[in-house]
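Residue-level listing of the chains:
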6 protein chains.
Amino acid sequence: MSAWLEPEPYDWWPIVEDALAEDIGHGDVTSGCLSPDLLVDWHIEAQSEGFVCGVGIAEHLLGPYGSDPDQSAITAEKVDGDHVRRGDIVIQGRQLARRVMSAERTTLNFLMHLSGVATLTAQFVGKVQGTDAKIVDTRKTLPGLRALEKYAVRCGGGHNHRMGLYDGILVKDNHIAAAGSIRQAVEAIRSYASHMSKIEVECESLEDVQAAIEAGAEAVLLDNMDPFMMREAVQRFGDKCLIEASGGISLDTVAGVAKTGVALISVGQITHSAPALSFHLEIG
Amino acid sequence: MSAWLEPEPYDWWPIVEDALAEDIGHGDVTSGCLSPDLLVDWHIEAQSEGFVCGVGIAEHLLGPYGSDPDQSAITAEKVDGDHVRRGDIVIQGRQLARRVMSAERTTLNFLMHLSGVATLTAQFVGKVQGTDAKIVDTRKTLPGLRALEKYAVRCGGGHNHRMGLYDGILVKDNHIAAAGSIRQAVEAIRSYASHMSKIEVECESLEDVQAAIEAGAEAVLLDNMDPFMMREAVQRFGDKCLIEASGGISLDTVAGVAKTGVALISVGQITHSAPALSFHLEIG
Amino acid sequence: MSAWLEPEPYDWWPIVEDALAEDIGHGDVTSGCLSPDLLVDWHIEAQSEGFVCGVGIAEHLLGPYGSDPDQSAITAEKVDGDHVRRGDIVIQGRQLARRVMSAERTTLNFLMHLSGVATLTAQFVGKVQGTDAKIVDTRKTLPGLRALEKYAVRCGGGHNHRMGLYDGILVKDNHIAAAGSIRQAVEAIRSYASHMSKIEVECESLEDVQAAIEAGAEAVLLDNMDPFMMREAVQRFGDKCLIEASGGISLDTVAGVAKTGVALISVGQITHSAPALSFHLEIG
Amino acid sequence: MSAWLEPEPYDWWPIVEDALAEDIGHGDVTSGCLSPDLLVDWHIEAQSEGFVCGVGIAEHLLGPYGSDPDQSAITAEKVDGDHVRRGDIVIQGRQLARRVMSAERTTLNFLMHLSGVATLTAQFVGKVQGTDAKIVDTRKTLPGLRALEKYAVRCGGGHNHRMGLYDGILVKDNHIAAAGSIRQAVEAIRSYASHMSKIEVECESLEDVQAAIEAGAEAVLLDNMDPFMMREAVQRFGDKCLIEASGGISLDTVAGVAKTGVALISVGQITHSAPALSFHLEIG
Amino acid sequence: MSAWLEPEPYDWWPIVEDALAEDIGHGDVTSGCLSPDLLVDWHIEAQSEGFVCGVGIAEHLLGPYGSDPDQSAITAEKVDGDHVRRGDIVIQGRQLARRVMSAERTTLNFLMHLSGVATLTAQFVGKVQGTDAKIVDTRKTLPGLRALEKYAVRCGGGHNHRMGLYDGILVKDNHIAAAGSIRQAVEAIRSYASHMSKIEVECESLEDVQAAIEAGAEAVLLDNMDPFMMREAVQRFGDKCLIEASGGISLDTVAGVAKTGVALISVGQITHSAPALSFHLEIG
Amino acid sequence: MSAWLEPEPYDWWPIVEDALAEDIGHGDVTSGCLSPDLLVDWHIEAQSEGFVCGVGIAEHLLGPYGSDPDQSAITAEKVDGDHVRRGDIVIQGRQLARRVMSAERTTLNFLMHLSGVATLTAQFVGKVQGTDAKIVDTRKTLPGLRALEKYAVRCGGGHNHRMGLYDGILVKDNHIAAAGSIRQAVEAIRSYASHMSKIEVECESLEDVQAAIEAGAEAVLLDNMDPFMMREAVQRFGDKCLIEASGGISLDTVAGVAKTGVALISVGQITHSAPALSFHLEIG
């Protein structure tokens, strides 16, 4: 059984290998003191409560490899998206000591960060339980880690917005200003964009929402609106397009936003400011 | 004048270009609605107080390029390591609208994360002011961003520990267990390591410290010791080797640790859990 | 003025540089006979009638570079998407002879293939003139050239379908068979896909179309249906979702398909089987 | 037994992996609806008559991989260079459904294009049967695909000209003009080129051929000559150097050219304008 | 058992693969004449006396691979660092003939160069036997091969200086001149460098050595000093810092330098001018 | 005027950049002590007599760059292939101190090695002066540096053999043994190889030479033959094919070999064992 939550991201492998190379560079000077044949039993344990993400990466970095698969083994006790409590063993195995020592930090760096993202996401998701709102991520991700962070958001029960500027259209105020009006911006985009792409428009007023819908937008982003205006937007336009709330929404305020009836609440904090969830690796 | 704090990290350029490519992919579908010749004035403004890091990256992503340098311009109002207050303009310029729109998010993602690291570091540094202790970073960094995060630590007034497994030697409990003793581990390493590398040994007791010094270690890391034991370590061994405190040290506890007289306090949190510092880019 | 049709594809540069390296390898053995300082006037001329695509690439491969811009020059007489007749000069300039000789073939290989795609697309577009049908491309592209070929389709007046498996959802018969039913496949995808993505379902009967719409599909692909069934699909479902016709449509049959009222007609042939449009480069 | 025609091209693997990545990007959104463990039987069938090329690539993209080879299997029913008729099964196997769905299009894109090249080449080869002329390719190939296209030419019974500017010398009119004369150009090249390289000179008249041979050329390319002049060139110089005919030679005219006695006929069309040969992949 | 001397360098694999690609390019034209299934027995034999280095690389290039490990085999008779005499078999195996023929030259190129470095190093090491001096390498290495050459130095009994500008600090005369004095240069570096890095200062006089030690340097490099001055430096400062001799030291002079009591003697010649040690590969 | 000998190798730039990155890694720790704005005058001086190669690389590593070309300058006093005496200035300029310090070693490593190859080649060329023999290189080059070393051979007055396995055909004893006979090996290769490639056969006897010529070989390599047999080979076959002598030829024996009348003498030593030619860089 895979330790990944479906669908597994594609092509995470080079990111993980590059991170290992970033740490080892021309060689792990300290681990040269270990006998090259020494095998050890190891396990990774959670040190706080949260949601785990990165188990498949740990399998890659610490699992069997090369020509003698008998000497090493690995067993995932948790899979991505599982809840963990302090003291839970996440994954364990048997491996060459020097391989464990050289890959330990890189493994934990992924596990701690991605589990941190999943855990903070899950906290937001918990706050909106009982409403129809979904928590979605943003493009406010850490450089080079977007695909993995967006995967971690799903492990925490959140949903994904577009991956980047290439796979979704979000018309912002600056686009509108430059194009002349919401209608002109949307029409310009329609003229060349794929029919498979939805168009979302950032709105600062109910008039904007109206204009966006008339121009054919399939979704609107309510930017920093107060809950009263959000509720009105939902009442007037909720059956005509997807409505997303955005802008500085915190764990304290998210429940109130959700109750306005918006379909989507996007939160930058879950990727740009998630504190790490602690894990450690023990040998023996 | 360079917007980087000296010494500027080497080869940050591909990391930044890859992050831009991660966001734009096969193309920015939305910005196609902007006239290709439209020039705009833009500036980036701090939205909270802290220490800025990433201005040189912003210059790279938003600055003049190509064959017609006259049409674009850029001016850094702050340089890396500067203190900023809410509302301060960090950098401003004139550039093609579509270039600004396509690079905005990547620029801010670097600026917000690196400034977050610098700012949290500065908070730790502030807590130990008046002591001789230096705040140093760890290898608990976000995958792919280590060199930039360690640079951000310096922008916040902190100092750097080793960059990776290749440029420093830190003998941990698992190395010692596998090698048989501190002496045996250190001797094994001395037999092949460069004379330019210092050897640091992770110690869990004063006996360990004693053994490490006798084996020739130039630094010891006191792992999760209580302040009383740290103080005793400093008193007995502070003139014989560098003493570093480590292990779960927080903003609440760091001052107490510093007062024990340790030379170095390493803090994983400043890189693995720094919340972003907010900035936004405005046009017009 | 840019020689590219807006929006210009992103990151075409490495594809072009790699193609040049593929041709030159460790060095152009023949061009070593040319004096390194010899400058020549050159121009590229169309040898058949069609629509040009690749002028921006020619500018990159043959244009000014390095520290002495005075010695070279380049002028695009046509821009991508322009109609050309036999004998028309597309682009001309002055450049080092050995640079022209080394880059000539690579330049023409791009220009001939991309203009071939644009020209064949334009022929299909011409056949459906007067109807509401748009000609769209497929994923049946030549390996490594998809972004450029899809750009060429736009230069010929066509429109783009999804770029790849990552930026659009098309549920095929095998997905449906594996998932159990159209409803189950669409629901599974909705549970994890971004709200920004439309879902299209491949349909082999009107019952399939009905089921797809009930499951929430925003578009349907009528796979190898005869025109009568297509027309009925349009009449019954044309106001509920986008309707795309696909499957072996040729220059002979496309007009008939368009008259059924479908919104989109996808044609693999315009990318996988477009004959090159001839151009040659002359010196002097 | 290998599915490749000997000698197999070297280092085709990254081209194929890059093409797969071009299609999948950050992930196959649709295939996420398939159960990760679902295995299916699949086969690829020819939809037209021709010569197959790309079976080894199909083996790579759809064959067994990873740690559990038992669950997947693959059997090539045809090898590269084989003749196929509509309905022939080319290759079949058992594999994870999501892997088949994600790799299907990339596999077919290679197979259809390379088989198209092989098939068109075979048509030219058929036209010159009974003469001594060989059909050879040119550098008019699609960017990034040259080594594979030249391999496909061999699968269709053709022969390869130089691979690029680095492994063969062909002196063209512009080189001659710049060097002053055929003799001067050839002498300049001889002074630095490896003794392992033959020199071929592009000739527009019999005087050129004479001059080329006197300068030591080992081959001449008759550029756009009429058959009468070609025949005379063969009669006068055919025992002194290799004679290649080139320039706009089509399926209609190639037999006449071959009858002039030239040793080689180079045809750009077989690589730059070969229509795809149709195949489809079926599951179940 | 590994054929590498511990600790094995990290990430040598791409260097070796790139070298193979450098030789094979688009394909080994000659080896196409060999039957693809032909297996041969092969062995590599030393043709001169010396110390071997590169056996692990030979295992990689000529050893079992792919899905049928039964048909190939490899046995290292010597490991890196072993002494070899003319006629000694270093490594032998059974492998596809075409694989052996295509990889033979690349394998031998590594083996001959690295063994050359190990052998010349061993000659220097032999000359200083009976003293406390260690032979160390420099940064005068061949571009792209530094990590492997420094590994070869260890195989010959030498020791490694810093790997590059990033993992060690060596203050040279130009740094001192620019900074104003030894003290100022060292202080500037201390202010930002990691506490894990030792500082070495290049000295041209005993006053320089004195100043370096006062500034806190942990090592000094005596640049081109005569043995009398070296001896005095050792006597006055040998207990205060590591002393390294450097500058044009040859096999003739190294013993005299060692007798001065310096701890380290760095020799550029062992990497920049080591003649190859001869090996050949035989089949059958 | 270019500092390169024509024709300049293509794509040497990444090799040089990679070598710089190999040395600088995450940053030059020492050069951080230099003021970022400090400009210095520098020059590179020969320390021994020989032939220079690598001046174009020095221009790249130390020359003007970036947006302010006024502050830096560079002047090549010698070009590749020039003879130098001890004390000759090869190249000089004005540049930022930290850039000079960081690039100095990489620049000299290229210059010293490539000039070493050129100088040793020139010594061989000198020994055969007055004969018709050309000195040619082999594939016994240092991994990753082949194109530059073969360029250096030309700078020393030598000539190039094939670049790799892809651009020339050399049938060796093992090929012949596997194919059955010289005739069979050559015929197999002719059946698929390009008509642009010459075929050379390694011969151990005059019978081999005879067989090679009958099979159509255009060149033969006399492997380790004594001069008498070489002379006989030249007399009997010198007008029928190119004759190359090879195998352990040294500065002592090369003149004797040349006098036998062979056209080519290949020498592995000029690339695999050339001692560095000394240069140093001075500032101020």
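Right, let's walk through the structure included here. (Residues numbered from 1 in each chain as written. Chains lettered and ligands numbered in written order. Predicted model: local features only at pLDDT ≥ 70, side-chain atom pairs only at ≥ 80, totals over all residues. Heavy atoms only, no water.)

### A few points about the packing of aromatic side chains
Part 1 of the argument: The full count for this structure, using the stated rule, is 15 aromatic pairs over all chains.
Part 2 of the argument: Arranged with centres 4.8 Å apart and planes meeting at 35 degrees, the rings of W4 of chain E and W12 of chain E form a pair that is tilted.
Part 3 of the argument: In this structure W4 of chain E comes out as buried when scored by relative accessible area, which is 9%.
Part 4 of the argument: Taken together, the aromatic side chains of W4, W12 and Y151 of chain A make up a single cluster linked through ring pairs. (Phe/Tyr/Trp six-rings, centres within 6.5 Å; stacked < 30°, edge-to-face > 60°. Buried < 20%, exposed > 50% of the residue type's maximum accessible area, 1.4 Å probe, protein only.)

### Here we look at the side chain of H26 of chain E
Part 1 of the argument: Within the secondary structure layout, H26 of chain E lies in the loop between α1 (13-24) and β1 (39-46).
Part 2 of the argument: Residues contacting H26 of chain E, with those up to four places away along its chain left out, are P9, Y10, M163, Y166 and D167 of chain D together with Y166 of chain F. (Helix = DSSP H or I, 4+ residues; strand = E, 2+ residues; numbered from the N terminus. Contact = heavy atoms within 4.5 Å.)

### Focus on the relation of the copies chain E and chain F
Part 1 of the argument: Aligned on chain F, chain E shows an RMSD of 0.0 Å; the corresponding rotation is 180 degrees and the shift along the axis is 0.0 Å. The transformation just described matches what one would write down for a two-fold rotation axis. (Least-squares fit on C-alpha atoms with pLDDT ≥ 70 in both.)

### Describing the arrangement of the chains
Part 1 of the argument: For the non-touching pair chain B and chain D, the nearest C-alpha separation works out to 9 Å.
Part 2 of the argument: There is a gap between chain C and chain E: no contact, and a shortest C-alpha distance of 9 Å.

### Thoughts on the relation of the copies chain C and chain A
What relates the two chain copies is a rotation about an axis together with a slide along it.
Part 1 of the argument: Taken as rigid bodies, chain C and chain A are interconverted by a rotation of 180 degrees and an axial shift of 0.0 Å, the fit giving an RMSD of 0.0 Å.
Part 2 of the argument: Most of the interface of chain C is mirrored in chain A: 100% of its interface residues are interface residues there too.

### A look at the interface of chain E and chain F
Part 1 of the argument: On the side of chain F, 54 residues touch chain E, which itself brings 54 residues to the contact.
Part 2 of the argument: Surface buried jointly by chain E and chain F totals about 4600 Å² across both partners, of which 62% is contributed by carbon and sulfur atoms.
Part 3 of the argument: Counting across the chain E and chain F interface gives four salt bridges.
Part 4 of the argument: For D23 of chain E, the salt bridge identified is with R146 of chain F, shortest N-O distance 2.5 Å.
Part 5 of the argument: The interface formed by chain E and chain F includes 30 residue pairs in polar contact (both at pLDDT 80 or more). (Buried area = accessible area lost by both parts, 1.4 Å probe. Salt bridge = Lys/Arg side-chain N within 4 Å of Asp/Glu carboxyl O. Polar contact = N/O pair within 3.5 Å; in protein donor to acceptor, adjacent residues only side chain to side chain.)

### Focus on the pairing of strand β8 (residues 199-203) of chain B
Residues and elements named next belong to chain B.
Part 1 of the argument: Burial analysis of β8 places five of its five residues in the buried class, which makes it a mostly covered element.
Part 2 of the argument: Residue alternation in β8 divides its side chains into two sets, I199, V201 and C203 and E200 and E202, and both sets are buried.
Part 3 of the argument: Here strand β7 (residues 169-171) runs beside β8; their pairing, made up of three bridges, is parallel. Following the sheet pairing, L170 is matched in β8 by E200.
Part 4 of the argument: Once the chain exits β8 it traverses helix α7 (residues 206-215) before rejoining the sheet at strand β9 (residues 219-223), and the crossover so formed is right-handed. (Pairing = 2+ DSSP bridges. Right-handed = clockwise from strand over helix to strand, strands pointing away.)

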